[in-house]
Amino acid sequence: MYATEFLDLPALAGAGGTVRLPGSKSISNRVLLLAALASGTTEIHDLLDSDDTRVMLESLAQLGCTLSRDGAVLRIEGLGGQVKQRQADLFLGNAGTAMRPLTAALALLGGDFQLRGVPRMHERPIGDLVDALVQLGCPIDYLGNPGYPPLRIRPAQVSALQLDTPIRVRGDVSSQFLTALLLALPLAAGNRDVVIEVVGELISKPYIEITLNLLARFGIQVQREEWRRFTIPQGSRYVTPGRIHVEADASSASYFIGLGALAAPLPGANGIRIEGVGSDSIQGDIRFIDAARQMGAQVDSGPNWLDVRRGAWPLKAIDLDCNAIPDAAMTLAVMALYADGPCRLRNIASWRVKETDRIDAMEAELHKLGATVESGPDFIVVHPLPAGQWTPAAIHTYDDHRVAMCFSLAAFNPDRRPVRILDPKCVAKTFPDYFETLFSVVAADEVPVLCVDGPTASGKGTLAAELALRLGYHYLDSGTLYRVAGLATRRAGLEPEPAHEAAIADLARALPLCFDAGRVLLADEDVTDAIRTEAAGMDASRVSALPAVRTALTELQHSFRRLPGLVADGRDMGTVIFPDAPLKVYLTASAEHRAERRHKQLISKGIPAILADLRADLEARDARDSNRSVAPLKPAQDARLLDNSFLSIDQSVEQVLDWWRQAQPFETH
Ligand SMILES: Nc1ncnc2c1ncn2[C@@H]1O[C@H](COP(=O)(O)OP(=O)(O)OP(=O)(O)O)[C@@H](O)[C@H]1O
Ligand SMILES: Nc1ccn([C@H]2C[C@H](O)[C@@H](COP(=O)(O)O)O2)c(=O)n1
């Protein structure tokens, strides 16, 4: 996951390949609650691991559920309709799929519970559900604003519940209220039928279908009359299915369906294959494929896979009732930028009470890209954005995972503008590895590189590693490659000198090198410390002066240039290896400061060192590195010079980040 302040997506040029998506959030949290309410052990396969499922799991554990993990399998010992802990203070983050169903279940289980979440959760309505539960006889108090969490649930007597008349609940604000009642009320159906009636037009019906489907898997056969009346038969009892599999998230699939529809195919790949969800899906958002087809995508499907390719191009404009696919429909709003006319997405009032007011959010952010957008209480119209009119934008994500994910599709714009996603870690709600997955199937014409070159002990490695962390970029410490080549040379019994140039180059070309969690492995041997000695540095400097060795290591260095970007440090990053890098920094410090730093560094590791010797060694190394015939150490013509003799590490980092920001075209509004 990218836990950076922002993530810059360079202009993307094409897509192709296979993705396997994480489990469905809606299914995961329903299954967790049902497994907890049932008697016996449920084995859940491929459960989503994300913020929203984590808060549900933590709550169930607090209530006394025993949970155990075995790889991708989670086992839950069900509570059999009882909670072990009758008092608990539960934090549910911003997970509506946890807050609503747990409210209903805990109201019926009897106990003293407080349910709270993040500030946005306290702005998301729950009054209609609470009204229905209070009408039943469950005592629930608002601890903040009436109609919204946080809540306090006090013990109710199941025998005293008012079950003679149907329980009435509104269906036109959030279908989660009905889902919550359907999941919980089997607890009260021991001696009588329990009837729920929906008031108003029920929205997001496919989510109710998921609920009914999963209830049936846990032994509860709800009788449905239209979408107005639901009867839980007398004697209903949760029965664990023993083993249950969570299919991949159909809403998450929408980004990759959109990607296949709008991205030019990569050579050798036949569009995008999505694994884990397909035509057999019980999720309503699978119908997103119909919308994508209407826009021109070619979609083939099997029971648990989808193949998506670009069909009509530009995409075709649509005018669509999106009530059944509210979450996935956000993806359509970004696809609309590539359509042949304005796209109208209707019946999406529920967007206003989701993680953020999604209608306002989408309008504001699409606007930043340069698009013309109109909106109303329950619709949005997005006009296509022609070439020449795209603006590089920093997309505010409102702590809303879907805003972050759908706007990644804007990086395919014809003007080749990069897109900045602010607070990219918000995707952790449902798809923590979204951007990593995206980068595995897309290509950019130009992956940005930030180069840091300079003499030894100037602090290049320290600076470059921190920059990579802050930007979410890959990191190449090119000196390591020469150090390992030097070590391999010694191990082969060779002197690092021109007489052995061809043999050393052969060794360098075939180095069995692997980087693993900050360690450097050479043919499975950890050589991290062995290559850091002063002698190893000197050997590295000597092999690096051999032209054939430099050529042998060029391809390996280029292979580090991967999405979303690279920070590379060395001697010739800006001059030879990545001459097109948008920012090159030449980092220096006086020999005196560098020798002192190295001295401190070695002493802190318990390695004895003499300051004067170190200074002499580093000056000798600088002289060799600067005077060799190929790729000598020198600033690139367009490099920014930074002497950090009197700067702290933080000051150097901030200075370079400042230059980096200046080199980017984003305006942060
Ligand atoms: N601006 C700075 N101020 C003080 N100390 C620094 C600064 N930058 C780096 N250092 C310290 O200097 C030492 C050497 O830094 P580092 O290893 O990053 O240098 P380098 O240029 O990558 O060296 P080499 O080329 O030999 O690999 C480290 O102990 C580091 O913490
Ligand atoms: N791009 C590079 C990186 C390193 N070298 C050589 C020269 C250095 O003295 C030696 C070790 O590098 P360090 O780990 O100290 O950065 O490797 C080079 O020629 N080109």
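In the annotation of an unreviewed UniProt entry, the entry for the chain reads Multifunctional fusion protein, and the organism field reads Pseudacidovorax intermedius. Checking UniProt for the chain, the heading Subunit (unreviewed entry) contains the comment "Monomer." Of the chain, the UniProt comment under Pathway (unreviewed entry) reads exactly: "Metabolic intermediate biosynthesis; chorismate biosynthesis; chorismate from D-erythrose 4-phosphate and phosphoenolpyruvate: step 6/7."

K.L.:
Is there a simple way to think about the environment of Cys 138 in this case?
P.N.:
Inspection of the secondary structure assignment puts Cys 138 in the loop between α4 (127–136) and β9 (140–142). What makes Cys 138 buried here is its relative accessible area of 2%. Ignoring anything within four residues of it in the chain, the contact list for Cys 138 reads Ala 107, Leu 108, Leu 133, Ala 156 and Leu 161.

K.L.:
Help me out: how do you make sense of the nonpolar core in this one?
P.N.:
Residues Phe 256, Leu 259, Ile 274, Leu 332, Met 362, Leu 366 and Phe 435 are the most contacted members of the largest nonpolar core, which totals 85 residues. Considering every element that reaches this core, the biggest residue donor is helix α7 (residues 250–262), with 8 residues. Beyond its immediate chain neighbours, meaning those up to four positions away, Ile 274 contacts Val 19, Leu 21, Ala 253, Phe 256, Ile 257, Asn 304, Trp 305, Leu 306 and Val 308. Ranked by size, the runner-up nonpolar core spans 83 residues in total, among them Ile 27, Ala 36, Val 194 and Trp 227.

K.L.:
Explanation requested: empty space enclosed by the protein in the structure shown.
P.N.:
The method is simple in principle: a probe with the dimensions of a water molecule rolls over the atoms, and the space it marks as empty is what remains. Under the criterion given, the structure shown has 5 cavities of 30 Å³ or more. Within this model, the largest cavity holds a volume of roughly 310 Å³. Elements with a contribution of two residues or more to the lining of the largest cavity: α1 (25–37), α3 (96–109), α6 (205–217) and α11 (401–407). For the lining of the largest cavity, a count of residues per class yields 6 nonpolar, 13 polar and 13 charged. When residues are assigned to domains, the lining of the largest cavity turns out to be shared by domain 1 (6–22 + 247–444) and domain 2 (25–245), each giving three or more. If you go around the second largest cavity, the residues you meet are Leu 33, Ala 36, Leu 37, Leu 60, Leu 63, Leu 79, Val 83, Leu 102, Ala 105, Leu 106 and Leu 109. Those elements that provide at least two residues to the lining of the second largest cavity are α1 and α3. Among the elements that make up the lining of the second largest cavity, the one with the highest residue count is α3 (4 residues).

K.L.:
What should I look at first to understand the site of ligand 2 in this one?
P.N.:
The immediate surroundings of ligand 2 are formed by 16 residues, with Arg 483, Arg 550, Arg 621, Asp 625 and Arg 628 found nearest. Side-chain polar atom of Asp 625 to an oxygen atom of ligand 2: 2.8 Å apart, as the coordinates give it. Calculation on ligand 2 without its partners gives an accessible area of 450 Å², and the protein chains cover 97% of this total. With 4 residues, helix α14 (residues 478–491) is the single largest residue contributor to the shell around ligand 2. Grouping the constituent residues of the shell around ligand 2 by class yields 3 nonpolar, 5 polar and 8 charged.

K.L.:
I keep staring at the sheet that holds strand β6 (residues 73–77) and nothing clicks. Help me out?
P.N.:
Strand pairing within a sheet occurs via backbone hydrogen bonds; the two strands may be parallel or antiparallel. A sheet is described by the order of its strands in space; here 4 strands give the open sequence β5-β6-β4-β15, paired in mixed fashion. Two strands lie at the open edges of the sheet, namely β5 (66–70) and β15 (243–245), each paired on one side alone. Within the sheet, the average angular offset between the axes of one strand and its neighbour, ignoring direction, is 20°.

K.L.:
Even after reading the chapter, I still don't get the UniProt feature "domain: Cytidylate kinase" (unreviewed entry) in the chain, so can you show me in this structure?
P.N.:
Within this structure's numbering, the places UniProt gives as "domain: Cytidylate kinase" (unreviewed entry) are residues 451–659. Along residues 451–659, the helical share is 50% and the strand share 15%, with 12 Å between the first and last C-alpha atoms.

K.L.:
Mind showing me how you'd approach the UniProt feature "domain: Enolpyruvate transferase" (unreviewed entry) in the chain here?
P.N.:
Taken from the UniProt record, the annotation "domain: Enolpyruvate transferase" (unreviewed entry) applies to residues 17–438. End C-alpha atoms of residues 17–438 are separated by 10 Å, and the span's content is 29% helix alongside 22% strand.

K.L.:
What should I look at first to understand the pattern of salt bridges in this one?
P.N.:
Under the criterion given, the structure shown has 53 salt bridges. As a salt-bridge pair, Lys 429 and Glu 355 come within 3.0 Å of each other at their nearest N and O atoms. In this pair, Lys 429 is assigned in the loop between β24 (419–422) and α12 (434–439) and Glu 355 in the loop between β20 (343–346) and α10 (358–369), connecting sequence segments 74 residues apart. Comparing Lys 429 with Glu 355 shows no difference in burial state: the two are buried. Across the pair Lys 425 and Asp 423 runs a salt bridge, and its minimum N-O distance is 2.8 Å. Through salt bridges with shared partners, one network takes in Lys 25, Asp 52, Asp 327, Lys 354, Glu 355, Arg 358, Asp 400, Arg 402 and Lys 429.

K.L.:
Could you clarify how one ought to interpret the site of ligand 1 in this entry?
P.N.:
Of all residues adjacent to ligand 1, which total 20 residues, the nearest are Thr 456, Lys 460, Gly 461, Thr 462 and Arg 598. Gly 461 is positioned such that a nitrogen or oxygen atom in its backbone is 2.8 Å from an oxygen atom of ligand 1. One of the backbone nitrogen or oxygen atoms of Leu 647 is found 3.0 Å away from a nitrogen atom of ligand 1. Protein chains bury 80% of the 630 Å² of accessible surface belonging to ligand 1 in isolation. Looking at the shell around ligand 1, the elements that each hand over two or more residues are α13 (460–471), α19 (591–604) and α21 (649–663). Broken down by class, the residue content of the shell around ligand 1 amounts to 4 nonpolar, 9 polar and 7 charged.

K.L.:
When you look at the state of the cysteines in this model, what are you seeing that I'm missing?
P.N.:
Chemically, a disulfide is nothing more than a covalent bond linking the sulfur atoms of two cysteines. Within this structure, the stated rule accounts for 0 disulfides. Cys 343 takes part in no disulfide bond, and the closest cysteine sulfur, belonging to Cys 322, lies 9.7 Å away. Using a relative accessible area of 1% as the deciding quantity, one classes Cys 343 as buried.

K.L.:
Hey, could you run me through the sheet that holds strand β26 (residues 449–453) in this one?
P.N.:
With respect to topology, 5 strands assemble into an open sheet ordered β27-β31-β26-β32-β33, the strand pairing being parallel. Because the sheet does not close on itself, it has two edges, and the strands there are β27 (474–477) and β33 (640–643). Going from strand to strand, the sheet's axes swing by 20° on average, the running direction of each strand aside. Here 4 bridges tie β26 to strand β32 (residues 583–588), and the two strands are oriented parallel to one another. For Cys 451, the partnering residue across the bridge sits in β32 and is Lys 584. Across the sheet, α21 touches β26, β32 and β33, and the angle it forms with β33 is around 165°.

K.L.:
Is there a simple way to think about the domain arrangement of the chain in this case?
P.N.:
Where interface size is quoted, it is often the accessible area lost as the parts come together. Assigned domains of the chain: these are domain 1 (6–22 + 247–444), domain 2 (25–245), domain 3 (447–473 + 564–669) and domain 4 (476–562). If you average the C-alpha positions of domain 1 and of domain 3, the two centres end up 39 Å apart. In this complex, domain 1 contributes 13 residues to the contact, which on the side of domain 3 involves 12 residues. In this assembly, domain 1 packs against domain 3 so that about 1100 Å² is buried in total across both faces, 71% of it on carbon and sulfur atoms. Among the residues of domain 1 in contact with domain 3, Phe 6, Asp 8 and Arg 420 are the three that bury the most area, contributing 38% of the side total. Along the contact surface separating domain 1 from domain 3 lie 0 residue pairs in polar contact (both at pLDDT 80 or more). Residue assignment for the side of domain 1 that touches domain 3 shows that the elements contributing at least two residues are β1 (6–9), β23 (393–395) and β24.

K.L.:
Before we go on, may I ask you to explain the packing of aromatic side chains in this structure?
P.N.:
Each pair of aromatic rings is reported with the distance of its centres and the angle of its planes. Per the stated rule, a full pass over the model turns up 12 aromatic pairs. Ring-pair connections join several aromatic residues into one group, and the members of that group are Tyr 2, Tyr 255, Phe 256, Phe 431, Tyr 434, Phe 435 and Phe 439. The ring of Trp 227 has Arg 224 lying over it, and the distance from NZ or CZ to the ring centre is 3.9 Å. Sitting above the plane of the Trp 305 ring, Arg 273 keeps its charged end 4.3 Å from the centroid.

Reading the values: rules and limits
The numbers attached to residues start from 1 for each chain and follow its sequence in the written order. Chains carry letters from A onward and ligands carry numbers from 1 onward, assigned in written order. Residue-level local features of this predicted model are given only where pLDDT is at least 70; pairs of side-chain atoms are given and counted only at 80 or more, and the full residue set underlies all totals for whole chains, interfaces and linings. Neither water nor hydrogens contribute to the side-chain values; these are computed over all heavy atoms in the structure. UniProt positions are given in the numbering used here, feature names are shortened, and annotations may be inferred rather than shown by experiment. Numbered from the N terminus, helices here are DSSP runs of H or I no shorter than four residues, and strands are runs of E no shorter than two. Only protein chains enter the area calculation, which uses a 1.4 Å probe; residues under 20% of their type maximum are buried, those over 50% are exposed, and those in between are partly exposed. Residue contacts are counted whenever heavy atoms from the two residues lie within 4.5 Å of one another. For our purposes a nonpolar core is just a set of buried Ala, Val, Leu, Ile, Met, Phe, Trp, Tyr and Cys residues, chained together by side-chain atoms within 4.5 Å. Computed over the protein atoms alone on a 1 Å grid, cavities are sets of points where a 1.4 Å probe fits but cannot get out and pockets are open sets with protein on both sides within 12 Å along at least five of seven lines; a residue lines them when it has an atom within 4 Å of a point. Grid points are joined across faces, edges and corners, and a volume is the space filled by probe spheres set on the points. In the scheme used here, Gly and all other residues not listed as nonpolar or charged are polar, with Ala, Val, Leu, Ile, Met, Phe, Trp, Tyr, Cys and Pro taken as nonpolar and Asp, Glu, Lys and Arg as charged. Note that the domain bounds reflect an automated or database-derived domain assignment. We call a residue near a molecule or strand whenever a single non-hydrogen atom of that residue lies within 4 Å of it. Two N or O atoms form a polar contact when they lie within 3.5 Å of each other; inside protein one atom must be a possible hydrogen donor and the other a possible acceptor, and for residues adjacent in sequence the pair counts only when both atoms belong to side chains. Surface accessibility in these figures is a Shrake-Rupley result with a 1.4 Å probe; residues are shielded only by whichever protein chains are displayed. Note: two strands are recorded as paired if DSSP finds a minimum of 2 bridges between them. Orientation is described by axes fitted as lines to C-alpha atoms, over the contacting stretch for helices, and by angles from 0 to 180 degrees between their N-to-C directions. One speaks of a salt bridge when a side-chain nitrogen belonging to Lys or Arg is within 4 Å of a carboxyl oxygen belonging to Asp or Glu. What counts as a disulfide here is a pair of cysteine sulfur atoms lying within 2.5 Å. Using a 1.4 Å probe, buried area is obtained as the accessible area two parts lose upon being combined, added over both of them. Side-chain rings of Phe, Tyr and Trp, where Trp is taken by its six-membered ring, are said to pair if the distance between their centres is within 6.5 Å; with planes under 30 degrees apart they count as stacked, over 60 as edge-to-face, and otherwise as tilted. Whether a charge lies above a ring is judged from NZ of Lys or CZ of Arg, which has to be within 6 Å of the ring centre and within 35 degrees of the ring normal.

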